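Chains, contacts and geometry: an overview
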Amino acid sequence: MQHTRRMAGVAVAAAAALTLAACGDSETPAAGSGSGSGDGVTVGIKFDQPGLGLKSGNSYSGLDVDVANYVAKDLGLGTVTFREAPSKQREQLIKSGQVNMVIATYSITDARKNEVSFAGPYFIAQQALLVRKGSGITGTEGLSGKKLCSVSGSTSATKIKEKVPGVNLQEFDTYSKCAEALGAGRIDAMTTDDTILSGYANQNQYKGKFEVVQGVGGDEIYGIGIKKGDTGLCNRINGALKKMVDSGEWKKAVTKNLGEDYKLDSAKNPPQAAACS
């Protein structure tokens, strides 16, 4: 009888231990939670933008990648896991919790601020065109009746369409497909930020074939997208960005990724962080 009671006690103790362990697991932030516990953070970036967010094998490079790594290290978030964030999926990736933040040439707009919050900005680019050398296209006035490429969900395409109603807009899911089509002569120009276009113009397969046409649009203000209303995380990220600028690491990252010949608008860069909301 005593033996039976002892065995029952062991079974109860074991069950209790398992229950406590399960509770402990449920309270531990999952990898990629961005809680600051050092467990890891998941960041959405572009995988096909040279100089900004580029995946090559198992490695990642670009200004957005360097910003993500700096912020994660400063905030003690642990290992950074990068996930592809196509333009039209960025808000949903944040809202669904599939990523903790998006650093993917993510222009801050009023429409987007209705769905997510932004830290930063960390960079201000200018809208431009990429054309084949000798095309004769020197601005938006040369786009009427021409085939123009951008990606779905891009603010650049909307701006050009409003300015040049006669343009034949073709939208792909990645800028790489636009660049391929431009190189093959299937389109006449592609539009997005000058940072992105400069990256393509400097790629080995396109070097000497393309040129960037500046002055076709306004500012593209890059922010770090996070869950709507998370002012705590927003303020912490802004603090990290200020450290990156003050330490000189921001300037190093810009020069390394965009090149010495990139025409940085120093009157606007580095930008001042906006108030978190």
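Computed from a predicted model, the values in this text were never measured in an experiment. Note that residues are indexed from 1 along each chain, following the sequence as it is written. With pLDDT at 70 or above as the cut-off, local features in this predicted model cover only qualifying residues; side-chain atom pairs require 80 or more to be listed or tallied, and sums for whole chains, interfaces and linings still use all residues. Side-chain metrics rest on all non-hydrogen atoms present in the structure, leaving aside hydrogens and water.

**Re the packing of helix α2 (residues 63-74) against helix α8 (residues 231-246)**
As a reminder of what qualifies: Helix axes are fitted to C-alpha atoms over the stretch in contact, other axes to C-alpha atoms as well, and angles between N-to-C directions run from 0 to 180 degrees. Helix numbers and strand numbers start at the N terminus; a helix is a DSSP run of H or I with at least 4 residues, a strand a run of E with at least 2. Here the angle decides the label: under 35 degrees means roughly parallel, over 145 means roughly antiparallel, 65 to 115 means roughly perpendicular, and every other value means oblique. The sense of a crossing depends on the near helix, which, turned anticlockwise from the far helix by less than a right angle, makes the crossing left-handed and, turned clockwise, makes it right-handed. Residues count as neighbours in contact if any of their non-hydrogen atoms are within 4.5 Å of one another. Throughout this entry, Asp, Glu, Lys and Arg are counted as charged residues, while Ala, Val, Leu, Ile, Met, Phe, Trp, Tyr, Cys and Pro are counted as nonpolar. The remaining residues, Gly among them, count as polar.
Where α2 meets α8, the closest approach of the two axes is 9 Å, and the angle between their N-to-C directions is 115 degrees. Overall, the two elements α2 and α8 adopt an arrangement that is roughly perpendicular. With respect to the hand of their crossing, α2 and α8 are arranged in right-handed fashion. Within the contact between the two elements, α2 uses Asp66, Val67, Tyr70, Val71 and Asp74 and α8 uses Ile237, Ala240, Leu241, Lys243 and Met244. Taken together, the residues that form the contact of α2 with α8 break down as seven nonpolar, no polar and three charged.

**Some details on the packing of α2 against helix α9 (residues 249-258)**
Helix-helix packing is described using two parameters, namely the angle between the two axes and the distance between the axes. The interhelical angle for the contact between α2 and α9, taken along N-to-C directions, is 155 degrees, at an axis separation of 9 Å. For the element pair α2 / α9, the angle class is roughly antiparallel. In the crossing of α2 with α9, the sense of the turn from one axis to the other is right-handed. The residues of α9 that touch α2, namely those facing Leu63, Asp66 and Tyr70, are Glu249, Ala253, Val254, Lys256 and Asn257. Split into classes, the residues belonging to the contact of α2 with α9 amount to four nonpolar, one polar and three charged.

**Details of the side chain of Thr191**
Convention followed: Relative accessible area decides the class of each residue, using a 1.4 Å probe on protein chains only: under 20% of the type maximum gives buried, over 50% gives exposed, and in between gives partly exposed. Think of a polar contact as two N or O atoms within 3.5 Å of one another; within protein, one of them needs to be a possible hydrogen donor and the other a possible acceptor, and neighboring residues in sequence only count if both atoms come from side chains.
In this structure, Thr191 sits in strand β10 (residues 189-193). Note on Thr191: relative accessible area 0%, which makes it buried. One polar contact links Thr191 to Gln127, side chain to side chain, over a distance of 3.0 Å. In terms of polar contacts, Thr191 uses its side chain to reach the backbone carbonyl oxygen of Ala128, at 2.9 Å. With residues up to four places along the chain from it excluded, the contact list for Thr191 reads Gln127, Ala128, Leu129, Leu148, Cys149, Ser150, Ser156, Ala157, Ile160 and Tyr175.

**Let's talk about the confidence of the model for the chain**
Predicted coordinates in regions of low pLDDT should not be interpreted in detail. To keep it simple, the criterion reads: Every residue is assigned a pLDDT by the predictor, reflecting its confidence on a scale from 0 to 100.
Summarising the model, the chain shows a mean pLDDT of 87, and 87% of its residues fall at 70 or more. Ignoring residues within four places in sequence, the model shows residues 1-36, a span with pLDDT below 50, making 23 contacts including any to other chains.

**Section: the state of the cysteines**
We apply this condition: Only a pair of cysteine sulfur atoms within 2.5 Å qualifies as a disulfide here.
Applying the stated criterion across every chain, the model contains two disulfides. One disulfide bridge connects Cys149 with Cys178, the sulfur atoms lying 2.0 Å from each other. Judged by the sign of its S-S torsion, about -65 degrees, the bond between Cys149 and Cys178 is left-handed. Highlighted residues: Cys149 in strand β8 (residues 147-151) and Cys178 in helix α6 (residues 175-184), separated in sequence by 29 residues. Taken individually, Cys149 and Cys178 each receive the classification buried, so the pair is uniform in this respect. At a sulfur-sulfur separation of 2.1 Å, the disulfide partner of Cys234 is Cys276. Taking the sign of the S-S torsion, about -80 degrees here, the bridge from Cys234 to Cys276 comes out left-handed. One end of the pair, Cys234, is in helix α8; the other, Cys276, is in the segment after α9, with 42 residues separating them in the sequence.

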